[in-house]
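# Architecture and fold: a report
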Amino acid sequence: MFNHRIRIVTSITIAFIFVILYGRLSTTPFIAPTETTSVKGLLANIKFPSLNLTKLFTLQFTPNGDFGSGNLNGGNGLTNLPTVALPLDNNASVNSSSNDQQAATDFNQPTSDIQPTLPADIPTQAIPVNTPKPTKTPKPTPLPPITSDTRPGTNLMGVFQEVSKYECIPAALIMAFKLEETGDWNFINDSASKIKIYNTYGWWQNGSGDSCYGYAYDTMTGIVPNDGYDAGRVCEYPIPASYDQQIMGLMQVSAYEQSSTRKYTSQVLPKNIDRRVLFDGALIFAVQLINRAGNLPMSCDSWPDSTIRAVAAKFHGSCQVTENNSGRNYCDDVINYYHQYSK
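Residues numbered from 1 in each chain as written. Predicted model: local features only at pLDDT ≥ 70, side-chain atom pairs only at ≥ 80, totals over all residues. Heavy atoms only, no water.

Attention now goes to the overall build of the chain. Secondary structure assignment for the chain yields 13 helices and two strands. Classification of the 343 residues of the chain by burial places 34% in the buried group. Excluding contacts between residues fewer than 6 apart, the proportion of contacts in the chain whose partners are at least 24 apart in sequence is 55%. Of the roughly 22000 Å² that the chain leaves accessible, carbon and sulfur atoms contribute 56%. (Helix = DSSP H or I, 4+ residues; strand = E, 2+ residues; numbered from the N terminus. Buried < 20%, exposed > 50% of the residue type's maximum accessible area, 1.4 Å probe, protein only. Contact = heavy atoms within 4.5 Å. Areas by Shrake-Rupley, 256 points an atom, 1.4 Å probe, with all protein chains shown as cover.)

Here it is, written out as structure tokens:
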């Protein structure tokens, strides 16, 4: 037992001296690099006696790892202790002292073959985004053109609803402008037979209707024009104006508005058209109102107040009513009438 302990202490002492000696020879600044290299070569050429160094470092001195009567293994695998490998610097430069210092620094730094894993590139657009496509301007279902002199509709609201089928505009909005322009004293509660008279092309020429009641007169001069059966009849006082716009019909459409919209209205009424016919005047008015609206709402049956206010201001020139300093608001009136008839 005593001999075994001596051998253990001796082995550890020799190893400790060897390591210290090698480190000083490699790092001592007052030894020239060439001398260091020579000493290294000398140590490398030294041949030690054939001793079982494995036993010195693993402490396994007997085949069964026993110290006399005791068992070093103890069933815990202590005989398989890992062997410590001392890294040697084989790349040290002998050209300068700075390289020697760098070699000494590298000697103390552990090396590893494991390379860090870089994170995968994050995609610029991880979640696809579906861009909504712009909604197309709504259009009414195409209908065949009207060729009969008698236009469709059995009452005034029915006439406006027939116009709404051809143009993308709520019938209640046409009614709202009618009430603001010509009041509610005519055509609102008329019978189907009476509506048919004023909804037939040429009624002002054959005397079947009343020119003043049906607005077959020029509202700026107050006089029935020359093509009427009662031409020259005065229906109301003239409206002072710099020039005559020849405004006629229930929707108060001018001669210019009737001609300028003809390229659109001809698709519905290819045979003839006149603003004194109930359907015709509402159709002309609807086309010009749509042109004033610009970007149409997404529904032909319902317009927001903001759009109605915009087109009403363009149609009237402004929202303020200046006649007789009444203080009324034209746009507000149209909006209120619209909500009244859109229910």
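What follows picks up the thread again.
One side chain can pair with another of opposite charge once the charged atoms of both are near each other. A complete count under the given rule lists eleven salt bridges for this structure. Note that Glu180 is salt-bridged to Arg328, the shortest N-O span being 2.5 Å. With Glu180 in helix H6 (residues 171-182) and Arg328 in the loop between helix H12 (305-316) and helix H13 (330-341), the pair connects residues that are 148 residues apart, well separated along the chain. The shortest N-O distance in the salt bridge between Asp227 and Arg276 comes to 2.6 Å. Residue Asp227 is found in the loop between helix H8 (203-206) and helix H9 (255-260), and its partner Arg276 is found in the loop between helix H10 (262-265) and helix H11 (278-293); the two are separated by 49 residues along the sequence. The class of Arg276 is buried, set by a relative accessible area of 4%. Beyond isolated ion pairs, a larger network of salt bridges with shared partners links Glu180, Arg328 and Asp333. (Salt bridge = Lys/Arg side-chain N within 4 Å of Asp/Glu carboxyl O.)

Taken as a whole and judged by the stated rule, the model has three disulfides. Between the sulfur atoms of Cys212 and its disulfide partner Cys235 the distance amounts to 1.9 Å. The disulfide joining Cys212 to Cys235 has a torsion of about -80° about its S-S bond and is therefore left-handed. On the criterion of sequence distance, the pair formed by Cys212 in the loop between H8 and H9 and Cys235 in the loop between H8 and H9 is long-range, its members being 23 residues apart. Taking relative accessible area as the criterion, Cys212 reaches 15% and is therefore assigned buried. Exposure remark for Cys235: the relative accessible area of 23% places this residue in the partly exposed category. Each sulfur in the disulfide pair Cys319 and Cys331 lies 1.9 Å from the other. For the disulfide bridge between Cys319 and Cys331, the dihedral angle about the S-S bond is near -85°, and by the sign convention the bridge is left-handed. (Disulfide = S-S within 2.5 Å.)

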